[in-house]
Amino acid sequence: MIPPRSRRHTTYPLLLLLALALAWFLSSPVRAADSRPNFIVVFADDLGYGDLSCFGQPNIKTPNLDRMAAEGQKWTNFYVAACVCTPSRAGLLTGRYPIRSGMCSDTRRVLFPDSAGGLPESEITIASALKELGYRTAAIGKWHLGHLPQFLPTSHGFESYFGIPYSNDMNREIRDVSQQELAEEENWEAYNVPLMRNEEIVERPADQRTITKRYTEEALKKIHEFKGEPFFIYLAHNLPHIPLFRSEKFKDTSMGGIYGDVVSEIDWSVGQIMESLKKEGLAENTLVVFTSDNGPWLLFKTHGGSAGLLRDGKGSTWEGGMREPTVMWWPGKLKSGIVQDMGSTLDLLPTFVALAGGKLPDDRTYDGYDISPALFGTGSSPRDTMFYYHGEQLFAVRKGPYKAHYLTKTSYVGQKEAEVHQPPLLFQLGHDPSEKYDVASEHPEILAEIAEIAEAHKASIEPVENQLEKRIVEKK
Ligand code: MG
């Protein structure tokens, strides 16, 4: 018979092992969940392809974005889903061309304060998809997907919202002077835009002179609050959309004038986010994407930005309207360098969901791809085509390096009707990024191939209710 004392000796290590095994078993799903990456999307408004120093701007310094590009990836063929605010945002958040959600229109190209429509409840946003997977979520900044309660971020998967629900030039109360003159910051009160926290208006007019600073502080607060859980933060700046505002510290600091000051403050904001991620020990586990919603608003001359070597700007389907300066950062994870593959804001949802370990629902058509191979350097981006919409009409299609224009309309004032091209214009964007030299007559076979792709895409569009044409009816 074993004496009780020595039996205790053999049982205790066994029990300890069992307890350790159980603890490991119980904790492993939690540890797996915690290792999933965080996502931060910083979305500038109307920033052009040529507005960052790492994209060739000689007069505006953007040291933080330049560092982000040097340590991470600079995407030179990255597109938005539309050439104006509302549909571009709908495309980013849903991974679907806005024509599929009713979020584009030929007559009213964006939502206004009198709009009654918004992003339909049936749409799945990046936030709602990630929230379902256990992510914390926050929206900060410009929304522009419907300002009525049922369309706000808090109805679309975001736990919280802090921002101006549409463009910063709306609710203009002074009408007898031009918007060009009102673009000056001394007139900030002329724009009676609301600042909201969740569904409540907390300030009106929003003091836009400190808006970039306040959005940044909110983002840092959320990073700190969410630390320890996987999270998605969508920070959509209202600037550098006109009217232009910057805080005291950035006044008259840039060679690029007030526009340069505003971009410098956004660059500072990006630097704060990178610093904060490092400080919280989250940098190696967070993918940060910086891009813009559409090209520069050229109508506003020195108050609008520059598309650099790309043709035209905001509101047009020339490259300057839809190709955006895009930088991605994830220290130790991304294969750093210049990425010339095609990518789009449409790809963010499928990529994030895949990296978070989820699956896309199969009840709808997605226009985005999981671009992880290009992120990690294990392969190319699966994107080989891009469709360029102007409102509800398909104006152009890119396949590989070739882009065919069926219709064109400049963003400048003066051209009332779109110009129809028959045969279409064809540009080889690799050789001719500025779309100067039409090569249609040399490549009828490429035009035929692109026409087929365009037809197949059009056939995949199902009619839905248009959200941008609905207006709030005032009761008399
Ligand atoms: Mg915009």
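Residues numbered from 1 in each chain as written. Predicted model: local features only at pLDDT ≥ 70, side-chain atom pairs only at ≥ 80, totals over all residues. Heavy atoms only, no water.

Novice: It is not clear to me how the domain arrangement of the protein chain should be interpreted in this structure. Could you clarify?
Specialist: Accessible area lost during the coming together of the parts is what is often quoted as the interface size. For the protein chain, the assigned domains are domain 1 (35-384) and domain 2 (387-459). Between domain 1 and domain 2, the C-alpha centre-to-centre distance is 26 Å. Counting residues at the interface gives 28 residues for domain 1 and 27 residues for domain 2. Where domain 1 packs against domain 2, one counts two salt bridges. Here Lys399 makes a salt bridge to Asp384, at a shortest N to O gap of 2.5 Å. Where domain 1 packs against domain 2, one counts 17 residue pairs in polar contact (both at pLDDT 80 or more). Where the side of domain 1 that touches domain 2 is concerned, the elements lending two or more residues are β2 (73-79) and α8 (319-322). (Domains from an automatic or database assignment. Contact = heavy atoms within 4.5 Å. Salt bridge = Lys/Arg side-chain N within 4 Å of Asp/Glu carboxyl O. Polar contact = N/O pair within 3.5 Å; in protein donor to acceptor, adjacent residues only side chain to side chain. Helix = DSSP H or I, 4+ residues; strand = E, 2+ residues; numbered from the N terminus.)

Novice: Which parts of the structure should I look at to understand the sheet that holds strand β14 (residues 419-428)?
Specialist: The strand order β11-β12-β13-β14 describes an open sheet built from four strands, whose pairing is antiparallel. In this open sheet, the two edge strands, each paired with only one partner strand, are β11 (385-390) and β14. This sheet shows a mean twist of 20° between the axes of neighbouring strands, independent of strand direction. Where strand β13 (residues 402-408) lies against β14, six bridges are found, and the strand directions are antiparallel. Across the sheet, residue His405 finds its bridge partner in β14, namely Leu425. The sheet contacts of helix α11 (residues 444-459) involve β11, β12 (393-399), β13 and β14, and relative to β12 the element is tilted by about 130°. (Pairing = 2+ DSSP bridges. Axes fitted to C-alpha atoms, helices over the stretch in contact; angles between N-to-C directions.)

Novice: How should I be thinking about the coordination of the magnesium ion in this particular structure?
Specialist: Each pair of donors in an ideal four-coordinate tetrahedral metal site encloses 109.5 degrees, whereas pairs in an ideal six-coordinate octahedral site enclose 90 or 180 degrees. Donor atoms from the polypeptide that bind the magnesium ion are Asp45 (OD), Asp46 (OD), Cys85 (SG), Asp293 (OD), Asp293 (OD) and Asn294 (OD1), placed at 2.1 to 2.7 Å. Every donor counted, the six donor atoms about the magnesium ion form angles of 53 to 156° at the centre, which fits irregular coordination. Positions of the donor residues of the magnesium ion, expressed as sequence spacing, correspond to D-D-x38-C-x207-D-N. Here Asp45 is found in the loop between β1 (38-44) and α2 (63-71), whereas its partner Asn294 is found in the loop between β8 (286-292) and α8, with 249 residues between them in sequence. The residues Asp45 and Asn294 share a single accessibility class, namely buried. (Donors = N, O, S within 2.8 Å, 3.2 Å for Na, K, Ca; no water. Tetrahedral: all angles 85-135°; square planar, octahedral: opposite > 155°, others 65-115°. Buried < 20%, exposed > 50% of the residue type's maximum accessible area, 1.4 Å probe, protein only.)

Novice: Looking at this structure, I do not really get the packing of helix α6 (residues 211-226) against helix α7 (residues 257-279). What am I missing?
Specialist: Each packed pair of helices is defined by two parameters, the angle between the axes and the distance between the axes. Direction vectors running N to C along α6 and α7 enclose 15°, while the axes themselves pass 10 Å from each other. Viewed along their axes, α6 and α7 adopt a mutual orientation that is roughly parallel. The two elements α6 and α7 meet at a crossing, and its hand is right-handed. Between α6, through Thr212, Lys213, Thr216, Ala219, Leu220 and Ile223, and α7, the contact on the second element is made entirely by Glu265, Ile266, Trp268, Ser269, Gln272, Ile273, Ser276 and Leu277. For the contact of α6 with α7, the class distribution of residues is seven nonpolar, five polar and two charged. (Parallel < 35°, antiparallel > 145°, perpendicular 65-115°, else oblique. Left-handed = near helix turned anticlockwise from the far one by under 90°. Nonpolar A, V, L, I, M, F, W, Y, C, P; charged D, E, K, R; others polar.)

Novice: Help me out: how do you make sense of unusual backbone geometry in this one?
Specialist: Leaving glycine aside, a negative phi is the common case for residues, and trans is the common case for peptide bonds. Between Arg204 and the following residue, Pro205, the backbone shows a cis peptide bond with an omega angle of -5°. Structurally, Pro205 can be placed in the loop between β6 (200-203) and α6. With phi around 55°, Asp252 is a residue other than glycine that occupies positive phi space. Residue position: Asp252 is located in the loop between β7 (231-236) and α7. Judged by relative accessible area, which is 66%, Asp252 ranks as exposed. One non-glycine residue with positive phi stands out, namely Asp312, at about 65°. Checked against the element boundaries, Asp312 lands in the loop between β8 and α8.

Novice: In this structure, what is going on with the state of the cysteines? I would like to understand it.
Specialist: Working definition of a disulfide: a covalent bond connecting the sulfur atoms of two cysteines. Taken as a whole and assessed by the stated rule, the structure comprises zero disulfides. Unpaired in this structure, Cys104 has its nearest cysteine sulfur neighbour in Cys83, at a distance of 10 Å. Judged by its relative accessible area of 4%, Cys104 is buried. (Disulfide = S-S within 2.5 Å.)

Novice: I'm lost on the environment of Asp438 in this one. Help?
Specialist: Its place among the elements puts Asp438 in the loop between β14 and α11. Overall, Asp438 belongs to the partly exposed group, its relative accessible area being 39%. Linking Asp438 and Gln428, residues 10 residues apart in sequence, is a C-alpha distance of 8.2 Å. Leave out the neighbours within four places in its chain, and Asp438 touches Leu425, Leu426 and Phe427. Looking at Asp438, its side chain comes within polar contact range of the main-chain nitrogen of Leu426, at 2.9 Å. For Asp438, the side chain forms a polar contact with the main-chain nitrogen of Ala440, separated by 3.0 Å.

Novice: Just to check I follow, could you spell out the packing of aromatic side chains for this structure?
Specialist: When we look at a pair of aromatic rings, we describe it by the centre distance and by the angle of the planes. Under the criterion given, the structure shown has 18 aromatic pairs. The interplanar angle of 25° and the centroid separation of 6.1 Å between the aromatic rings of Phe158 and Tyr234 together place this pair among those described as stacked. Separated by 76 residues along the polypeptide, Phe158 in the loop between β3 (136-141) and β4 (160-163) and Tyr234 in strand β7 bring together distant segments of the chain. Phe158 gets classed as buried once you look at its relative accessible area, which sits at 1%. (Phe/Tyr/Trp six-rings, centres within 6.5 Å; stacked < 30°, edge-to-face > 60°.)

Novice: Looking at this structure, I do not really get the environment of Pro243. What am I missing?
Specialist: Along the polypeptide, Pro243 turns up in the loop between β7 and α7. Using a relative accessible area of 0% as the deciding quantity, one classes Pro243 as buried. On a C-alpha basis, the gap between Pro243 and His390 in space is 24 Å, while along the polypeptide they are 147 residues apart.

Novice: How do you make sense of the pattern of salt bridges when you look at a structure like this?
Specialist: When their charged atoms lie close together, side chains carrying opposite charge are able to pair. Counted by the stated rule, this structure contains 31 salt bridges. Between Arg136 and Glu159 there is a salt bridge, and its shortest N-O distance comes to 2.8 Å. Here Arg136 is found in strand β3, whereas its partner Glu159 is found in the loop between β3 and β4, with 23 residues between them in sequence. Residue class for Glu159 comes out partly exposed when judged on its relative accessible area of 32%. Across the pair Arg136 and Glu225 runs a salt bridge whose closest N-O atoms are separated by 3.5 Å. Within this pair, whereas Arg136 is found in strand β3, its partner Glu225 is found in helix α6, the two being separated by 89 residues in sequence. A network of salt bridges, in which partner residues are shared, links Arg136, Glu159, Lys222, Glu225 and Glu229.

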